[in-house]
Amino acid sequence: MTDDQPKMELPPRPELFDFHGISLTHYFTDTWERVQNFKARPDDILIATYPKAGTTWVSYILDLLYFGQTAPDRLTSMPIYTRVPFLEIRHKLALDSGIDLVENLPTSPRIIKTHLPVQLIPKSFWEQTCKIVYVARNAKDNVVSFFHFDRMDFIEPDPGDWKSYLHKFMDGKVIYGSWYDHVNGWWKKKETYSNLHYMFYEDITEDGARELDKLCSFLGLSPSLEEKKQIIDEVQFDNMKQNDMLNYSSFPNMDFTISKFMRKGKVGDWKNHFTVAQNEEFDEDYKRKMKDPTLQFRTEI
Ligand code: PPS
(Lines give C-alpha, C1' and ligand atoms only; values in the text may rest on other atoms or scores of the structure.)
Protein backbone atom coordinates (compact mmCIF):
# COMPACT_ATOMS: atom_id res chain seq x y z
CA MET A 1 0.00 0.00 0.00
CA THR A 2 1.40 3.45 -0.87
CA ASP A 3 0.89 6.82 0.75
CA ASP A 4 -1.16 7.89 -2.23
CA GLN A 5 -3.98 5.46 -1.73
CA PRO A 6 -6.88 6.07 0.62
CA LYS A 7 -6.93 2.76 2.46
CA MET A 8 -10.56 1.71 2.67
CA GLU A 9 -14.04 3.07 2.52
CA LEU A 10 -14.30 5.60 5.28
CA PRO A 11 -17.27 6.18 7.57
CA PRO A 12 -19.02 9.58 7.51
CA ARG A 13 -17.46 12.34 9.57
CA PRO A 14 -18.71 12.37 13.18
CA GLU A 15 -20.59 15.24 14.82
CA LEU A 16 -19.22 17.25 17.71
CA PHE A 17 -21.28 17.40 20.89
CA ASP A 18 -20.85 18.88 24.32
CA PHE A 19 -19.47 16.33 26.77
CA HIS A 20 -18.96 17.52 30.34
CA GLY A 21 -18.40 21.01 28.98
CA ILE A 22 -15.98 20.18 26.17
CA SER A 23 -16.52 19.41 22.50
CA LEU A 24 -15.98 15.77 21.61
CA THR A 25 -17.23 13.09 19.25
CA HIS A 26 -18.37 9.60 20.10
CA TYR A 27 -14.96 8.11 19.22
CA PHE A 28 -13.66 9.65 22.43
CA THR A 29 -16.64 9.02 24.69
CA ASP A 30 -17.82 5.50 23.73
CA THR A 31 -15.75 3.85 26.47
CA TRP A 32 -16.20 6.68 28.97
CA GLU A 33 -17.36 4.55 31.87
CA ARG A 34 -14.33 2.28 31.58
CA VAL A 35 -12.04 5.28 31.15
CA GLN A 36 -13.39 6.97 34.24
CA ASN A 37 -13.02 3.78 36.26
CA PHE A 38 -9.58 3.03 34.86
CA LYS A 39 -7.23 1.66 37.50
CA ALA A 40 -3.89 3.37 37.11
CA ARG A 41 -0.77 1.78 38.55
CA PRO A 42 1.70 3.88 40.52
CA ASP A 43 4.37 3.53 37.83
CA ASP A 44 2.08 4.41 34.90
CA ILE A 45 3.25 7.45 32.98
CA LEU A 46 0.64 9.63 31.38
CA ILE A 47 1.40 11.90 28.42
CA ALA A 48 -1.29 14.56 28.27
CA THR A 49 -1.63 17.07 25.45
CA TYR A 50 -4.07 19.15 23.52
CA PRO A 51 -4.17 17.46 20.09
CA LYS A 52 -1.25 18.25 17.76
CA ALA A 53 1.04 19.64 20.45
CA GLY A 54 3.83 17.09 20.01
CA THR A 55 2.29 13.99 21.59
CA THR A 56 3.91 11.51 19.22
CA TRP A 57 7.28 13.19 19.56
CA VAL A 58 7.30 12.97 23.34
CA SER A 59 5.70 9.50 23.29
CA TYR A 60 8.62 8.29 21.22
CA ILE A 61 11.15 9.95 23.52
CA LEU A 62 9.60 8.25 26.53
CA ASP A 63 9.34 4.93 24.74
CA LEU A 64 13.03 5.11 23.81
CA LEU A 65 14.03 6.10 27.32
CA TYR A 66 12.26 3.14 28.89
CA PHE A 67 12.47 0.46 26.23
CA GLY A 68 14.97 1.57 23.58
CA GLN A 69 17.77 -0.49 25.12
CA THR A 70 15.84 -3.37 26.65
CA ALA A 71 13.24 -4.11 23.99
CA PRO A 72 14.49 -2.67 20.67
CA ASP A 73 12.26 -5.09 18.70
CA ARG A 74 9.24 -3.10 19.79
CA LEU A 75 10.52 -0.16 17.80
CA THR A 76 10.45 -1.99 14.51
CA SER A 77 7.42 -4.19 15.00
CA MET A 78 4.80 -2.12 16.84
CA PRO A 79 3.36 1.21 15.71
CA ILE A 80 3.65 3.95 18.30
CA TYR A 81 -0.12 4.00 18.86
CA THR A 82 0.07 0.44 20.21
CA ARG A 83 3.21 1.09 22.28
CA VAL A 84 1.73 4.22 23.79
CA PRO A 85 -2.03 3.70 23.58
CA PHE A 86 -4.52 6.53 23.44
CA LEU A 87 -6.59 5.98 26.58
CA GLU A 88 -10.02 7.33 25.62
CA ILE A 89 -10.23 6.48 21.92
CA ARG A 90 -12.49 3.80 20.56
CA HIS A 91 -12.01 3.25 16.96
CA LYS A 92 -12.97 0.08 15.19
CA LEU A 93 -11.17 0.81 11.93
CA ALA A 94 -7.59 0.78 13.12
CA LEU A 95 -7.64 -0.79 16.51
CA ASP A 96 -10.12 -1.54 19.16
CA SER A 97 -10.39 0.61 22.22
CA GLY A 98 -7.46 2.46 23.69
CA ILE A 99 -8.40 1.20 27.09
CA ASP A 100 -8.13 -2.43 25.94
CA LEU A 101 -4.70 -1.70 24.54
CA VAL A 102 -3.61 -0.08 27.78
CA GLU A 103 -4.95 -2.91 29.88
CA ASN A 104 -3.15 -5.45 27.72
CA LEU A 105 0.17 -3.63 27.74
CA PRO A 106 2.77 -6.06 29.04
CA THR A 107 5.28 -3.33 29.87
CA SER A 108 6.22 -1.71 33.08
CA PRO A 109 5.88 1.18 33.15
CA ARG A 110 2.90 1.58 30.90
CA ILE A 111 3.14 4.79 28.89
CA ILE A 112 -0.32 6.13 28.14
CA LYS A 113 -1.51 8.97 25.92
CA THR A 114 -4.51 11.20 26.57
CA HIS A 115 -5.88 14.45 25.21
CA LEU A 116 -8.28 14.93 28.11
CA PRO A 117 -8.39 18.28 29.87
CA VAL A 118 -7.17 18.11 33.45
CA GLN A 119 -10.64 18.03 35.00
CA LEU A 120 -11.59 14.85 33.11
CA ILE A 121 -8.53 12.74 33.94
CA PRO A 122 -9.58 9.46 35.63
CA LYS A 123 -9.13 9.92 39.34
CA SER A 124 -6.90 6.91 39.90
CA PHE A 125 -4.02 8.71 38.13
CA TRP A 126 -4.15 11.30 40.90
CA GLU A 127 -4.69 8.71 43.64
CA GLN A 128 -1.68 6.72 42.48
CA THR A 129 0.35 9.95 42.09
CA CYS A 130 1.38 8.85 38.61
CA LYS A 131 3.99 10.85 36.77
CA ILE A 132 2.39 13.01 34.11
CA VAL A 133 4.14 14.72 31.22
CA TYR A 134 2.13 17.54 29.67
CA VAL A 135 3.20 18.95 26.30
CA ALA A 136 1.91 22.29 25.06
CA ARG A 137 2.42 24.08 21.74
CA ASN A 138 1.78 27.70 20.86
CA ALA A 139 -1.82 28.28 19.80
CA LYS A 140 -1.05 29.52 16.29
CA ASP A 141 1.02 26.54 15.18
CA ASN A 142 -1.31 24.26 17.11
CA VAL A 143 -4.38 25.41 15.21
CA VAL A 144 -2.62 25.14 11.84
CA SER A 145 -1.49 21.61 12.58
CA PHE A 146 -4.97 20.69 13.84
CA PHE A 147 -6.62 22.12 10.72
CA HIS A 148 -4.49 20.01 8.38
CA PHE A 149 -5.00 16.96 10.56
CA ASP A 150 -8.78 17.39 10.57
CA ARG A 151 -8.73 17.66 6.78
CA MET A 152 -7.11 14.26 6.41
CA ASP A 153 -8.31 12.29 9.43
CA PHE A 154 -11.82 11.10 8.74
CA ILE A 155 -12.66 10.38 12.35
CA GLU A 156 -12.51 14.13 13.00
CA PRO A 157 -15.47 16.40 12.22
CA ASP A 158 -15.26 18.18 8.89
CA PRO A 159 -12.99 21.19 9.48
CA GLY A 160 -14.50 23.39 6.73
CA ASP A 161 -12.24 26.07 5.32
CA TRP A 162 -9.31 27.67 7.15
CA LYS A 163 -11.15 30.91 7.92
CA SER A 164 -14.08 29.18 9.60
CA TYR A 165 -11.80 26.64 11.29
CA LEU A 166 -9.78 29.38 12.93
CA HIS A 167 -12.97 30.77 14.48
CA LYS A 168 -14.07 27.33 15.62
CA PHE A 169 -10.70 26.89 17.32
CA MET A 170 -10.99 30.28 19.03
CA ASP A 171 -14.49 29.32 20.21
CA GLY A 172 -13.40 25.89 21.44
CA LYS A 173 -15.65 24.20 18.89
CA VAL A 174 -13.11 21.61 17.86
CA ILE A 175 -12.30 18.23 19.36
CA TYR A 176 -11.16 18.54 22.99
CA GLY A 177 -12.61 22.01 23.23
CA SER A 178 -10.77 25.16 24.11
CA TRP A 179 -6.99 25.13 23.67
CA TYR A 180 -6.89 28.10 26.07
CA ASP A 181 -8.67 26.20 28.86
CA HIS A 182 -6.63 23.05 28.22
CA VAL A 183 -3.17 24.62 28.50
CA ASN A 184 -4.22 26.83 31.42
CA GLY A 185 -5.97 24.05 33.32
CA TRP A 186 -2.90 21.82 33.20
CA TRP A 187 -0.58 24.74 34.01
CA LYS A 188 -2.58 25.53 37.13
CA LYS A 189 -2.50 21.89 38.20
CA LYS A 190 1.27 22.13 38.63
CA GLU A 191 0.67 24.25 41.71
CA THR A 192 -0.96 21.40 43.58
CA TYR A 193 0.39 18.28 41.88
CA SER A 194 4.15 17.99 41.86
CA ASN A 195 4.38 14.86 39.69
CA LEU A 196 3.56 16.91 36.61
CA HIS A 197 6.21 17.98 34.11
CA TYR A 198 5.04 20.71 31.72
CA MET A 199 6.93 20.87 28.44
CA PHE A 200 6.73 23.16 25.44
CA TYR A 201 7.02 22.05 21.81
CA GLU A 202 9.06 25.17 21.06
CA ASP A 203 11.59 24.35 23.79
CA ILE A 204 12.11 20.84 22.44
CA THR A 205 12.61 22.29 18.96
CA GLU A 206 15.08 24.82 20.30
CA ASP A 207 17.19 22.48 22.40
CA GLY A 208 16.17 18.85 22.50
CA ALA A 209 19.15 17.80 24.62
CA ARG A 210 18.34 20.32 27.32
CA GLU A 211 14.68 19.26 27.38
CA LEU A 212 15.67 15.60 27.47
CA ASP A 213 17.84 16.28 30.52
CA LYS A 214 14.96 18.01 32.28
CA LEU A 215 12.63 15.17 31.40
CA CYS A 216 15.09 12.54 32.69
CA SER A 217 15.53 14.44 35.90
CA PHE A 218 11.75 14.52 36.38
CA LEU A 219 11.49 10.79 35.64
CA GLY A 220 14.46 9.89 37.81
CA LEU A 221 16.34 8.35 34.87
CA SER A 222 20.02 8.70 34.11
CA PRO A 223 20.76 7.40 30.63
CA SER A 224 24.35 7.51 29.38
CA LEU A 225 25.55 10.36 27.19
CA GLU A 226 25.68 7.96 24.27
CA GLU A 227 22.12 6.85 24.83
CA LYS A 228 20.91 10.43 25.05
CA LYS A 229 22.67 11.28 21.81
CA GLN A 230 21.04 8.31 20.12
CA ILE A 231 17.62 9.40 21.35
CA ILE A 232 18.06 12.97 20.15
CA ASP A 233 19.07 11.68 16.75
CA GLU A 234 16.23 9.15 16.55
CA VAL A 235 13.55 11.72 17.33
CA GLN A 236 14.56 14.23 14.65
CA PHE A 237 11.55 15.13 12.54
CA ASP A 238 12.95 13.67 9.30
CA ASN A 239 13.74 10.36 10.97
CA MET A 240 10.30 10.13 12.51
CA LYS A 241 8.60 11.12 9.28
CA GLN A 242 10.24 8.25 7.44
CA ASN A 243 9.59 5.69 10.13
CA ASP A 244 6.40 3.73 9.38
CA MET A 245 6.08 2.76 13.04
CA LEU A 246 5.79 6.47 13.92
CA ASN A 247 4.28 8.29 10.97
CA TYR A 248 0.79 6.75 11.17
CA SER A 249 1.01 5.48 7.60
CA SER A 250 -0.62 2.27 8.83
CA PHE A 251 -3.63 4.11 10.26
CA PRO A 252 -6.53 3.45 7.88
CA ASN A 253 -8.68 6.50 8.54
CA MET A 254 -6.12 9.04 7.40
CA ASP A 255 -5.80 10.18 3.81
CA PHE A 256 -2.18 11.12 3.29
CA THR A 257 -2.92 12.47 -0.17
CA ILE A 258 -4.59 15.39 1.65
CA SER A 259 -1.93 15.97 4.30
CA LYS A 260 0.63 13.93 6.22
CA PHE A 261 0.60 13.17 9.94
CA MET A 262 4.26 14.25 10.10
CA ARG A 263 3.50 17.37 8.14
CA LYS A 264 6.12 20.11 8.74
CA GLY A 265 7.26 19.82 12.33
CA LYS A 266 8.17 23.51 12.62
CA VAL A 267 7.70 26.48 14.88
CA GLY A 268 6.26 29.40 12.93
CA ASP A 269 4.39 27.66 10.10
CA TRP A 270 1.35 29.70 11.20
CA LYS A 271 2.84 32.62 9.25
CA ASN A 272 2.03 30.75 6.06
CA HIS A 273 -1.64 30.53 7.05
CA PHE A 274 -2.76 33.57 9.04
CA THR A 275 -3.62 36.73 7.13
CA VAL A 276 -2.62 40.02 8.78
CA ALA A 277 -6.26 40.60 9.76
CA GLN A 278 -6.65 37.08 11.16
CA ASN A 279 -3.48 37.53 13.16
CA GLU A 280 -4.70 40.78 14.69
CA GLU A 281 -8.06 39.33 15.58
CA PHE A 282 -6.45 36.22 17.03
CA ASP A 283 -4.01 38.25 19.14
CA GLU A 284 -6.81 40.43 20.55
CA ASP A 285 -8.86 37.39 21.49
CA TYR A 286 -5.76 35.66 22.89
CA LYS A 287 -5.05 38.54 25.25
CA ARG A 288 -8.56 38.32 26.64
CA LYS A 289 -8.29 34.56 27.26
CA MET A 290 -4.68 34.16 28.40
CA LYS A 291 -4.50 36.22 31.56
CA ASP A 292 -1.88 34.27 33.51
CA PRO A 293 1.46 36.06 33.02
CA THR A 294 3.37 32.98 34.19
CA LEU A 295 2.23 30.94 31.17
CA GLN A 296 4.03 32.25 28.10
CA PHE A 297 4.22 30.70 24.65
CA ARG A 298 6.63 31.46 21.86
CA THR A 299 5.29 31.65 18.31
CA GLU A 300 8.78 31.82 16.87
CA ILE A 301 12.22 30.83 18.07
S1 PPS B 1 -1.79 13.89 17.83
O2 PPS B 1 -2.64 13.42 16.70
O3 PPS B 1 -2.51 14.84 18.68
O4 PPS B 1 -1.22 12.79 18.60
O5 PPS B 1 -0.62 14.70 17.12
P6 PPS B 1 0.74 15.16 17.82
O7 PPS B 1 1.73 14.05 17.74
O8 PPS B 1 0.45 15.77 19.12
O9 PPS B 1 1.20 16.35 16.88
C10 PPS B 1 1.59 16.19 15.54
C11 PPS B 1 2.45 17.39 15.21
O12 PPS B 1 3.74 17.20 15.81
C13 PPS B 1 4.72 17.24 14.80
N14 PPS B 1 5.86 16.38 15.13
C15 PPS B 1 7.11 16.84 15.24
N16 PPS B 1 7.62 18.08 15.18
C17 PPS B 1 8.97 18.21 15.31
N18 PPS B 1 9.80 17.17 15.52
C19 PPS B 1 9.33 15.91 15.61
N20 PPS B 1 10.16 14.89 15.79
C21 PPS B 1 7.92 15.70 15.49
N22 PPS B 1 7.12 14.61 15.50
C23 PPS B 1 5.87 15.05 15.30
C24 PPS B 1 3.96 16.76 13.56
O25 PPS B 1 4.68 17.04 12.39
C26 PPS B 1 2.68 17.57 13.72
O27 PPS B 1 2.89 18.96 13.53
P28 PPS B 1 2.71 19.72 12.12
O29 PPS B 1 2.88 21.17 12.44
O30 PPS B 1 1.36 19.41 11.62
O31 PPS B 1 3.81 19.22 11.23
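Details of the structure are given in the entry above.
Residues numbered from 1 in each chain as written. Predicted model: local features only at pLDDT ≥ 70, side-chain atom pairs only at ≥ 80, totals over all residues. Heavy atoms only, no water.

Caption draft 1: Representation of the site of the ligand in the model. Around the ligand there are 22 residues in total, and T55, T56, S145, Y201 and K264 lie nearest to it. At a separation of 2.5 Å, an oxygen atom of the ligand approaches a polar side-chain atom of T56. Measuring from an oxygen atom of the ligand, one finds a side-chain N or O atom of H115 at 3.1 Å. Out of a free accessible area of 650 Å², the ligand has 97% covered by protein chains. Judged by the proximity of its atoms to the pocket grid, the ligand belongs to the largest pocket. Taken together, the elements giving at least two residues each to the shell around the ligand come down to α2 (55-67), α7 (139-152) and α13 (237-242). Looking at which element gives the most residues to the shell around the ligand, the answer is α2, with 3 residues. Residue composition of the shell around the ligand, by class: 10 nonpolar, 7 polar and 5 charged. (Near = heavy atom within 4 Å. Polar contact = N/O pair within 3.5 Å; in protein donor to acceptor, adjacent residues only side chain to side chain. Areas by Shrake-Rupley, 256 points an atom, 1.4 Å probe, with all protein chains shown as cover. 1 Å grid on protein atoms, 1.4 Å probe; cavity = no way out; pocket = protein on both sides within 12 Å on 5 of 7 lines; lining within 4 Å. Sits in = over half its atoms within 2 Å of the grid points. Helix = DSSP H or I, 4+ residues; strand = E, 2+ residues; numbered from the N terminus. Nonpolar A, V, L, I, M, F, W, Y, C, P; charged D, E, K, R; others polar.)

Caption draft 2: Expanded view of helix α9 (residues 179-189). Taken residue by residue, α9 has W179, Y180, H182, V183, N184, W186 and W187 as its buried positions. Two or three places before Y180, at the start of α9, stands the capping residue S178, its side-chain oxygen 3.2 Å from that residue's backbone nitrogen. (Buried < 20%, exposed > 50% of the residue type's maximum accessible area, 1.4 Å probe, protein only.)

Caption draft 3: Quick look at the pattern of salt bridges. Tallied over the entire structure, the rule returns 20 salt bridges. Of the charged contacts, one joins D63 and R83 as a salt bridge, the two residues approaching to 2.7 Å between their closest N and O atoms. Here D63 is found in helix α2, whereas its partner R83 is found in helix α4 (residues 80-83), with 20 residues between them in sequence. For D63, a relative accessible area of 0% puts it in the buried group. Two residues, D203 and R298, come together in a salt bridge whose shortest N-O distance is 2.7 Å. (Salt bridge = Lys/Arg side-chain N within 4 Å of Asp/Glu carboxyl O.)

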